[in-house]
Amino acid sequence: MKLLTAALLTCASFAVTAQSFPSKPIRVIVPFTPGSATDTMARPVADKLQTAFGQPVIVENRPGAGGTIGIAALAKSPADGYTLAVVSTGHVVNPVLYASLPYDTLKDVSGVSPIAGQPCVLVVSQQLGVKTVKELVAMAKAKPGQLNYATAGVGSAAHICAEKFRMAAAIDAVHVPLKGSPESLTETMGGRTHYTWTPLSTAVGQIKEGRLLALAVSTGKRSPQFPQIPTIAEAGFPKAEFNFWVGVLAPAGTPRDVLNKLNAEIQKALAAPDMKERLANLGNEPMFMSPDEFDSFLKQEYSILGDVMRASGVKAQ
């Protein structure tokens, strides 16, 4: 009887928690710099949640170490739904890259909802003198170890994409890890790095203004926003295909009803016409999954992309 009573009280407590949630501000950790693809998708979702819940939803950038600093902060937070994190594809490969992490990638966090997916884009400066992917590869093969490429850091989604391309093209190029996508674009425009792979949303302005030349997108189909840019498969390297995604996590143990409530509001936000237009303008397609479906998706990505990074031999220093 005591066990039954305790169980009923626990269930009642969860129901009350979900019903009253949220009763105070929600913190959303973004483990990358302001202006990064993860950041630009996190902020409109945070705005929608703030409107829906009538509580402040505060975005906090905690960049560094391939996103692991921000995720470590999430994993240590109370499992009550008041601390969330918005992560990207690189989250699932960090266990392969880092000898030791202060959290377990699959056990210490739970999926809330994906937000959207988009291509990465391969860009070079107009001054580099190449106009196609094959010309870039030919230059790299003619100068082994002399070309370099920037990314948003070791283990970032851009880094995964760049490694898939490097292996598919069989080239020897030097990785230059930076704090975020804005920094990698700046270095490439300035000619200090020869090329970069970056989420399309971060380079829209530079491509439209002609400050960077886009050679290919990483996905299996062309971007509706830039239909003139070929896919990496069309450019001759189908094994370099890559899908960039962004999603929301919570600490493990967050009550299921709270996760479901957060998921419902995020999915509602993604379906709103203004949000769909905003995401589309940045080259994104909304992703719709339940918390359980997103957890399964994360495990699948962990397995597939982990194998890619193991094959690359890359390790965080």
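Our subject is the structure listed above.
Residues numbered from 1 in each chain as written. Predicted model: local features only at pLDDT ≥ 70, side-chain atom pairs only at ≥ 80, totals over all residues. Heavy atoms only, no water.

### A word on the layout of surface pockets
Formally: Using a 1 Å grid laid over the protein atoms alone, points where a 1.4 Å probe fits but cannot get out form a cavity; open sets with protein on both sides within 12 Å along at least 5 of 7 lines form a pocket; any residue with an atom within 4 Å of a point counts as lining. Grid points are joined across faces, edges and corners, and a volume is the space filled by probe spheres set on the points. What counts as a helix is a DSSP run of H or I of at least four residues, what counts as a strand is a run of E of at least two, and both are numbered from the N terminus. Under the grouping applied here, Gly and all other residues not named as nonpolar or charged are polar, the nonpolar ones being Ala, Val, Leu, Ile, Met, Phe, Trp, Tyr, Cys and Pro and the charged ones Asp, Glu, Lys and Arg.
Size it by volume and the largest pocket reaches roughly 330 Å³. Every residue lining the largest pocket is counted, 19 residues in all, and those nearest its centre are G117, Q118, P119, T219 and E285. If you list the elements that add at least two residues to the lining of the largest pocket, you get β4 (109-118), β10 (244-251) and α11 (291-312). In terms of residue class, the lining of the largest pocket is built from seven nonpolar, eight polar and four charged. Around the second largest pocket sit 19 residues that line it, and G66, Y98, G153, V154 and P177 are the ones nearest its centre. The residue inventory of the lining of the second largest pocket, partitioned by class, reads 11 nonpolar, six polar and two charged.

### A few points about the pattern of salt bridges
Rule in force here: Definition used for salt bridges: Asp or Glu carboxyl oxygen within 4 Å of a side-chain nitrogen of Lys or Arg. Exposure classes here rest on a 1.4 Å probe applied to the protein chains alone. A residue is buried below 20% of its type maximum, exposed above 50%, and partly exposed in between.
This structure, assessed with the given rule, holds 11 salt bridges. Between E163 and R166 there is a salt bridge whose closest N-O contact spans 2.7 Å. On the criterion of helical spacing, the pair formed by E163 and R166 is a turn pair, its members being three residues apart in helix α6 (residues 157-169). Each member of the pair E163 and R166 is classed as buried. One salt bridge connects E234 with R222, and the closest N-O pair in it is separated by 2.9 Å. With a gap of 12 residues between them, E234 in the loop between β9 (212-217) and β10 and R222 in the loop between β9 and β10 connect regions that are remote in the sequence. The class of E234 is partly exposed, set by a relative accessible area of 49%. Salt bridges linked by common partners bring R27, E60 and R62 together as one network.

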